[in-house]
Amino acid sequence: MGKQVRSREYIFVILSYIFLTSLFTYPMIFKINVLYNFNKKDYLFNIWNLWWVKEALFKHMIMPYKTDYIFYPVGTTLAFHTMNMYNYIISLPIQLFTSRTAAYNILFLHTFILSAFGCYLLVRYLTKNKMGAFIGGIIFAFSIFHQEEYARINVATIQWIPLFCLFFIKLIKDGGFKNCFLSATFLSLIAFSFWEYFIFTFFIIIIFLIYYYKNTLKTDFIKMFFVMLCISAILVTPFIYPLIKELLHRGEYLYAPLSSYTQLLGLMPSKEFGLYSWPTVLGYTVLTLCIYFIFKLRREDTCVWLIATCVFFVFALGPHLIIFNKDFRGIPLPFEILKNIPVVQVIRTPHRFLSFVTLGTAVMVGFVISEIVMKKNYKFVVFLIIGLVILEYLAIPRTTFSQIKIPDIYKKIANDKEDYVVVDAPLNDFGGAYSMYYQTIHGKKVVGGYVARTPLYSKYFIENNPILHLLAEPGNYYTVNLTEKEISESLDNLNKNGIKYVIIHKNLMVKKSFQKVKESQRNIISDMFFPYSVNKHRIEVWRGESERGDYQKVFMDESGFNDFIAYLNKILSNPVSEDEMVVVYEIRK
């Protein structure tokens, strides 16, 4: 009877989270085949990832961690790219029945449902309270951090974190091979989903080991902990080995400048410091309940979550303090130490520690709700809290983009049986993301590309061919004066490497109005403490406009673009086709 009751409880909870997912992501569930806003560049290469994993595994019969389909002919490693193998593998059957865009949206939606239910199970176990667990699931799954990560499905895959914590705590308290095996399984799933979360998880493991030292120093636990690590190592080694190999052999390019900190105070985004800011990143309702927890509910069985939350929040602040978009580099923070720890030092986005901060706050709020439920007339208070959390986090409808137009040239290339290489310009990160997206249409190798961590050697061919170097920085064309010899040698080099088409993308090179960006950064003080639901659309405008790259090297006005095309005509001869989107040149043999 108990199992039947628990099953009905779980079914009701899951259905409730499905409803909330459809609400928070509206209208995604009704328009599943549409691209939604937030960083189109990262979205495009994640769509390419879906295509490439399928291509690598089933057509080329290789592991998808290295390729010359982008950055041809040198190729590139994808070890530290966003190779979210969990999502990409489960997407394979989905892609049989729908488009890659729809498959991607389904993957994004399922992270909310599983994250909410996983957190529900964790908080239910800790508090023995259903209402506290339900609200905890809402806070973790529908947090601002999670909602913002549409373009990065690897970062959005947070659902295994609470499940690992659940079974690892059970392993500490109760022991047993079942808890050991499940801890290892969910730890491995975290690794398959996002290697940064895999690293973060070891911080919370250390916190648990120290806090529960009376249990973790026992011989039986030490044996089970060792078994857990061994099982995880066996499961993840085939996927982690390429990362370790790359890190040891030529990992200098991995240590990129840090970005996306969490501000101690403030909301409006800045190009230098990223988006996430305290206190609005948590929401005022959650923050108020966490303050209540700190003063009223600090007990032996609850303090570990306060400690963990504080540790991860301090890490999320980055290497130095930022308040109201002002950088206080003279006030170093603990993340400065992490920058010098091997392996950990490859982390360049401190704000992603917020995934663990939101889990900690969800658990703390769960304890607070369980305390409220013990009192009379608790229902009104609990439902008021649910309503306030939803009100602060809910920002709908999500802004949609029109479907990305596919220039006719790519349909022609897709139908061409000849094997050759394509160049899409501009050859910068933004143009590279589009080039990879178009590659999913035509299937030919391309010279450019964009990966999360680009090795220095990958751009060697581009940087050492004068024509390609020109296409990488077209905004500077007027400073370039190629000789006849340089042009001839460059064209011969392109021919030898099988390059047939050079496609210039007008829409990626002609300047657009950035008035909206300026408008979005006004009234910082008045908007500083507004909830996410109020400021969400301003944030979308900022992120959508700011990702296009270095204006000086790439962009030009309409007149400048026409002059640039006239200059290219002297180098590549007249274009073979031209429309409102692209100008196409053929490299003749």
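Source: prediction; values computed, not measured.

### Things to note about the overall build of the protein chain
Helix and strand counts for the protein chain stand at 27 helices and eleven strands. Looking at the protein chain as a whole, 58% of its 589 residues qualify as buried. Counting only contacts in the protein chain whose residues sit at least 6 apart along the sequence, the fraction spanning at least 24 positions is 79%. Element-wise, carbon and sulfur atoms account for 61% of the exposed surface of the protein chain, whose accessible area totals about 25,100 Å².

### Details of the side chain of S193
Topologically, S193 is positioned in helix α9 (residues 177-193). With a relative accessible area of 3%, S193 lands in the buried category. Apart from residues no more than four positions distant in its own chain, S193 is found in contact with N84, Y86, N154, T157 and W160.

### Side note on the sheet that holds strand β11 (residues 582-586)
With mixed pairing, the five strands of this open sheet are ordered in space as β8-β7-β9-β11-β10. Whereas interior strands pair on both sides, the edge strands pair on one side only; in this sheet they are β8 (445-446) and β10 (577-578). Here strand β7 (residues 421-425) runs beside strand β9 (residues 499-505); their pairing, made up of five bridges, is parallel. By the bridge assignment for β9, V421 is matched with I499. Taken strand by strand, helix α18 (residues 408-415) contacts β7, β9 and β11, and its axis lies near 160° from that of β9.

### A word on the packing of helix α5 (residues 130-141) against helix α16 (residues 354-373)
Put simply, α5 and α16 touch, their axes get as near as 8 Å, and they point 155° apart. By the criterion of interaxial angle, the relationship of α5 to α16 is roughly antiparallel. As α5 runs across α16, the sense of the crossing is right-handed. Of the residues in α16, those touching α5 at M131, G132, I135, G136, I139 and F140 are S355, T358, L359, T361, A362, V365, G366, I369 and V373. Split into classes, the residues belonging to the contact of α5 with α16 amount to nine nonpolar, six polar and no charged.

### Thoughts on the nonpolar core
Judged by nonpolar contacts, the single largest core of 195 residues is most densely connected at W305, L471 and I504. If sequence neighbours within four positions are ignored, L471 has contacts with V423, A425, P426, L427, V502, I504, F564 and L568.

### Examining a nonpolar patch on the surface
On the surface, a nonpolar cluster with roughly 480 Å² of combined accessible area is contributed by F380, V381, L384, L388 and L391. Assessed through its relative accessible area of 63%, F380 is described here as exposed.

### Looking at the pairing of β11
Of all five residues that make up β11, four are buried, and the element is covered over most of its length. The pairing of β9 with β11 spans five bridges and is classified as antiparallel. Residue pairing across strands places H505 opposite V582, the latter belonging to β11. For β10 and β11, the ladder comprises two bridges, and the chain directions are antiparallel. Bridged to S577 within β11 is V584. A loop of three residues connects β10 with β11, the two strands running antiparallel in sequence.

### A look at unusual backbone geometry
Negative phi values dominate among residues other than glycine, just as trans dominates among peptide bonds. Following Y26, the chain continues into P27 via a peptide bond in cis, with omega recorded as 5°. Inspection of the secondary structure assignment puts P27 in the loop between α1 (2-24) and β1 (35-36). If you check the backbone angles, M61 has positive phi at about 55° while not being a glycine. Mapped onto the secondary structure, M61 falls in the loop between α2 (40-59) and β2 (66-67).

### Focus on the pattern of salt bridges
Side chains that carry opposite charge are capable of pairing whenever their charged atoms lie near each other. Tallying each qualifying case throughout the model produces 14 salt bridges. Note that K500 and E418 form a salt bridge whose closest N and O atoms lie 3.2 Å from each other. Residue K500 is located in strand β9, and its partner E418 is located in the loop between α18 and β7; the two are separated by 82 residues in the primary sequence. Classification of K500 by relative accessible area gives buried; the value is 15%. Among the ionic contacts, a cluster of salt bridges with common partners joins R6, E9 and R124.

Quick notes on the rules
Residues numbered from 1 in each chain as written. Predicted model: local features only at pLDDT ≥ 70, side-chain atom pairs only at ≥ 80, totals over all residues. Heavy atoms only, no water. Helix = DSSP H or I, 4+ residues; strand = E, 2+ residues; numbered from the N terminus. Buried < 20%, exposed > 50% of the residue type's maximum accessible area, 1.4 Å probe, protein only. Contact = heavy atoms within 4.5 Å. Areas by Shrake-Rupley, 256 points an atom, 1.4 Å probe, with all protein chains shown as cover. Pairing = 2+ DSSP bridges. Axes fitted to C-alpha atoms, helices over the stretch in contact; angles between N-to-C directions. Parallel < 35°, antiparallel > 145°, perpendicular 65-115°, else oblique. Left-handed = near helix turned anticlockwise from the far one by under 90°. Nonpolar A, V, L, I, M, F, W, Y, C, P; charged D, E, K, R; others polar. Core = buried A, V, L, I, M, F, W, Y, C linked by side-chain atoms within 4.5 Å. Patch = residues over 30% accessible without salt bridge, like charges linked within 9 Å, V, L, I, M, F, W, Y side chains within 5 Å. Salt bridge = Lys/Arg side-chain N within 4 Å of Asp/Glu carboxyl O.

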